[in-house]
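# Structure assessment
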Amino acid sequence: MTAKPPEPSPRPAPSGELRASYDDREAVVEQLRDAAAEGRIDLDELDSRLEQALKSKTHAELAVLTADLPRLNSSASQLPLVLKGGMYGASRGPGRWEVPGHVIAHGGVGGVKVDFTRVECRLTEVAAEAYGETSGVTIVIPDGWAADTSGMDPGLGGLKDETTPDRLPGTPLIRLTGSGGAGGVVIRHPNRRERRKLHSNPTQG
């Protein structure tokens, strides 16, 4: 009996034919709105392209809508931001700084503070790794941002999640992983002192 030849494996679809996700469509919508704000396309064209973007089913259909627009630098593709507390501590913020898609904080002996309160972040999600080690890590996020701490190991120092679940549309989710170590990890919204400073210097960079 002649052996039946094996059936060919299905070929993967070309990248342009892959199905677009909700986030893919939203990213194009944001790019189109930015282009209109910069005067690159007029309002009638914006309405037309937005309608097409929301109906698009594949990456190829979405790509056509932004082919004549400058490419945005994606913060998600940047190298991770690594902060190490060392002997004297380390911090990022509260001034304006560019948020990459991945932030790693090692508390060390001096501790680390990461303050997102003055940043402008267009990412839908930021992966944050926090290792409390000896002196701990504190992460401060603006009101309206939310955090997922389900991937954290509290360690000996514990995890204090003092954030609210009320996430505003268009704000990123901070997905926190890592370990509390001995010093612990805290993620919270601004305290009273920080709020006063924000209100008294709203444009401080």
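The text that follows walks through the structure, step by step, so that each part is easy to find. (Residues numbered from 1 in each chain as written. Predicted model: local features only at pLDDT ≥ 70, side-chain atom pairs only at ≥ 80, totals over all residues. Heavy atoms only, no water.)

## What about the pairing of strand E1 (residues 81-84)?
Here is the rule: Burial classes: relative accessible area under 20% of the type maximum marks a residue as buried, over 50% as exposed, and values in between as partly exposed (1.4 Å probe, protein chains only). Starting at the N terminus, helices and strands are each numbered in turn, a helix being any DSSP run of H or I of at least four residues and a strand any DSSP run of E of at least two. Here, strands pair whenever DSSP counts at least two bridges between them.
What you see with E1 is a clean split: Leu 81 and Leu 83 sit on the buried side and Val 82 and Lys 84 on the side with no burial. With four bridges connecting them, E1 and strand E3 (residues 102-106) associate as parallel partners. What sits directly across from Lys 84, in E3, is His 106.

## Here we look at helix H1 (residues 22-37)
The following threshold applies: Take the number of residues in a helix, subtract one, and multiply by 1.5 Å to get its expected span.
Spanning 16 residues, H1 covers 23 Å between terminal C-alpha atoms, matching the ideal 22 Å at 1.5 Å per step. Trailing H1 by a residue or two, Gly 39 shows a phi angle of about 80 degrees, which is positive.

## Focus on the packing of H1 against helix H3 (residues 59-66)
Rules: A fitted line through C-alpha atoms represents every axis, and for helices the fit uses only the stretch in contact; the resulting angles, taken between N-to-C directions, go from 0 to 180 degrees. Just so you know how the angles are binned, under 35 degrees is roughly parallel, over 145 roughly antiparallel, 65 to 115 roughly perpendicular, and the rest oblique. Here, residues are in contact when the closest pair of their heavy atoms is within 4.5 Å. Throughout, the ten residues Ala, Val, Leu, Ile, Met, Phe, Trp, Tyr, Cys and Pro are labelled nonpolar, Asp, Glu, Lys and Arg are labelled charged, and all others, Gly among them, are labelled polar.
As a packed pair, H1 and H3 sit with axes 10 Å apart at the nearest point and diverge in direction by 5 degrees. Our classification of the angle between H1 and H3 gives roughly parallel. Between H1 and H3, the residues in contact are Asp 24, Arg 25, Val 28, Gln 31 and Leu 32 and His 59, Leu 62, Leu 65 and Thr 66, respectively. Here the contact of H1 with H3 is built from residues that sort into four nonpolar, three polar and two charged.

## Quick look at the packing of aromatic side chains
As a reminder, the rule being used: Each pair of aromatic rings taken from Phe, Tyr and Trp, with Trp reduced to its six-membered ring, is defined by centres within 6.5 Å and is described as stacked if the planes are under 30 degrees apart, edge-to-face if over 60, and tilted in the remaining cases.
By the definition in use, this model includes two aromatic pairs. Taken together, a centroid distance of 5.2 Å and an interplanar angle of 40 degrees make the contact between Trp 97 and Phe 116 tilted. Note that Trp 97 is positioned in the loop between strand E2 (90-92) and E3 and Phe 116 in the loop between strand E4 (112-115) and strand E5 (125-131), a separation of 19 residues in sequence. Residue Trp 97 shares its accessibility class with Phe 116, and that shared class is buried. Between Phe 116 and Trp 145, the aromatic rings sit 5.7 Å apart at their centres with planes inclined by 45 degrees, giving tilted as the arrangement. With Phe 116 in the loop between E4 and E5 and Trp 145 in the loop between strand E6 (137-140) and strand E7 (146-153), this pair connects stretches of sequence that are 29 residues apart. Pair check on accessibility: Phe 116 and Trp 145 agree, each one buried. Cluster of aromatic residues (ring-pair linked, three or more members): Trp 97, Phe 116 and Trp 145.

## What about the environment of Arg 19?
Considering the arrangement of structural elements, one finds Arg 19 in the segment before H1. Its relative accessible area of 61% is what places Arg 19 among the exposed residues. Through-space distance from the C-alpha of Arg 19 to that of Thr 58 is 4.3 Å; in sequence the pair is 39 residues apart. Excluding its chain neighbours within four sequence positions, the residues that come into contact with Arg 19 are Asp 24, Lys 57, Thr 58 and His 59.

## Remarks on the sheet that holds E5
If you walk across this open sheet you meet the five strands as E1-E3-E5-E9-E7, and the pairing is parallel. The outermost strands of the open sheet, each flanked by one partner alone, are E1 and E7. The mean inter-strand angle of the sheet, taken between neighbouring strand axes irrespective of direction, is 15 degrees. Inspection of the sheet shows E5 paired to strand E9 (residues 173-179) by seven bridges, in the parallel sense. Bridging across to E9, Ala 128 finds its partner in Leu 176.

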